[in-house]
Amino acid sequence: EPEVTQTPSHQVTQMGQEVILRCVPISNHLYFYWYRQILGQKVEFLVSFYNNEISEKSEIFDDQFSVERPDGSNFTLKIRSTKLEDSAMYFCASSLTYRDLHEQYFGPGTRLTVT
Amino acid sequence: QQPVQSPQAVILREGEDAVINCSSSKALYSVHWYRQKHGEAPVFLMILLKGGEQKGHEKISASFNEKKQQSSLYLTASQLSYSGTYFCGTPAGGTSYGKLTFGQGTILTVHP
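Criteria and cut-off values
- Residues numbered from 1 in each chain as written.
- Chains lettered and ligands numbered in written order.
- Predicted model: local features only at pLDDT ≥ 70, side-chain atom pairs only at ≥ 80, totals over all residues.
- Heavy atoms only, no water.
- Helix = DSSP H or I, 4+ residues; strand = E, 2+ residues; numbered from the N terminus.
- Contact = heavy atoms within 4.5 Å.
- Phe/Tyr/Trp six-rings, centres within 6.5 Å; stacked < 30°, edge-to-face > 60°.
- Buried < 20%, exposed > 50% of the residue type's maximum accessible area, 1.4 Å probe, protein only.
- Core = buried A, V, L, I, M, F, W, Y, C linked by side-chain atoms within 4.5 Å.
- Salt bridge = Lys/Arg side-chain N within 4 Å of Asp/Glu carboxyl O.
- Disulfide = S-S within 2.5 Å.
- Pairing = 2+ DSSP bridges.
- Axes fitted to C-alpha atoms, helices over the stretch in contact; angles between N-to-C directions.

Caption draft 1: A look at the side chain of Ser58(A). Within the element layout of this structure, Ser58(A) appears in the loop between strand S6 (53–57) and strand S7 (65–68). The contact partners of Ser58(A), leaving out residues within four places of it in the chain, are Phe45(A) and Leu46(A).

What follows is the structure, encoded as structure tokens:
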């Protein structure tokens, strides 16, 4: 069964460093999302992406964050200058279509630890 | 505005039933249900698109009442594998698609 994959599974970085989290969505999906989950809390939406541009973004997704689809398969989340409070599990999700089939399938996540 | 789930936690013995509720102060056009096991990604269970519609997944079913702006998840004859945190997610802006705003989760623990 097709699945969303994410790399790395765990990333440790120092405050102020840049990190890039990578995702490979399900191949025929058209909409891509990033969510994050701080330990013990709920899953929070960051950004959605369709047709090579951002569809929606949350207030969390400030200028330190960016997303990119550099090729036909990868979808990346970049944090330019990480802060301690960026430590969280980051999930990538994808869905087939936006309006009719809404199921979002989540990847296994990347645990980001900022020290 | 996030949906509100109740109860916050449920403890069951195998074979018992449970109901998890999800309500919103805003009009709902769809409700998505996910289950997340500790340290894992949320797994899609089902989506309800129409008022009053019920859907099923194994022995888990759900209903959606547009008028009451709420959805309920029914877990029947629970199994050990049902343990996890259940989240309901609602699309924002009065739509049935797009970014999901999740409730705070309901922790379900099933004991032998």
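Caption draft 2: How the structure looks around the packing of aromatic side chains. Under the counting rule described, the total for this entry stands at 16 aromatic pairs over all chains. Seen in terms of ring centroids, Phe32(A) and Phe75(A) are 5.4 Å apart; in terms of plane orientation they differ by 40°. Their pairing is tilted. With a gap of 43 residues between them, Phe32(A) in strand S4 (residues 31–37) and Phe75(A) in strand S8 (residues 75–79) connect regions that are remote in the sequence. Across the pair, Phe75(A) and Phe32(A) agree in class, each one buried. Joined through ring pairs, the aromatic side chains of Tyr33(A), Tyr35(A), Phe45(A), Phe91(A), Tyr105(A), Phe106(A), Tyr34(B), Phe44(B), Phe87(B) and Phe102(B) make up one cluster.

Caption draft 3: Representation of the nonpolar core. Trp34(A), Leu46(A), Phe61(A), Val67(A), Phe75(A), Leu77(A) and Tyr90(A) are the most contacted members of the largest nonpolar core, which has 22 residues in total. Of all the elements in the fold, those that place two or more residues in this core are strand S3 (19–24), S4, strand S5 (43–50), S7, S8, strand S9 (88–95) and strand S11 (110–114) of chain A. Grouped together as the second largest cluster of nonpolar side chains are 21 residues, Ile20(B), Leu45(B), Leu73(B) and Leu108(B) included.

Caption draft 4: Geometry of the pattern of salt bridges. Counted according to the given criterion, the structure contains one salt bridge over all chains. Between Glu44(A) and Arg36(A) there is a salt bridge; the shortest N-O distance is 3.4 Å.

Caption draft 5: Summary view of the state of the cysteines. Considering all chains together, one arrives at two disulfides over all chains under this definition. Across the disulfide from Cys23(A) sits Cys92(A); the S-S distance is 1.9 Å. Because the torsion about its S-S bond is -60°, the bridge between Cys23(A) and Cys92(A) counts as left-handed. One end of the pair, Cys23(A), is in strand S3; the other, Cys92(A), is in strand S9, with 69 residues separating them in the sequence. Like Cys92(A), Cys23(A) is buried. Between the sulfur atoms of Cys22(B) and its disulfide mate Cys88(B) the distance is 2.0 Å. An S-S torsion of about 75° defines the bridge between Cys22(B) and Cys88(B) as right-handed. Of the two residues, Cys22(B) is situated in strand S3 (residues 18–23) and Cys88(B) in strand S9 (residues 84–91); the sequence distance between them amounts to 66 residues. The buried category is assigned to Cys88(B), whose relative accessible area is 0%.

Caption draft 6: Representation of the sheet that holds S7(A) within the structure. All names here are of chain A. Reading across from one edge, S1-S3-S8-S7 is the order of the four strands in this open sheet, with antiparallel pairing throughout. Of all the strands in the sheet, just strand S1 (5–7) and S7 have a single pairing partner and so form its edges. Between one strand and the next, the sheet's axes are offset by a mean angle of 20°, whatever the strand orientation. Note: S3 against S8, five bridges, orientation antiparallel. Its bridge partner lying in S8, Ile-20 is registered against Lys-78.

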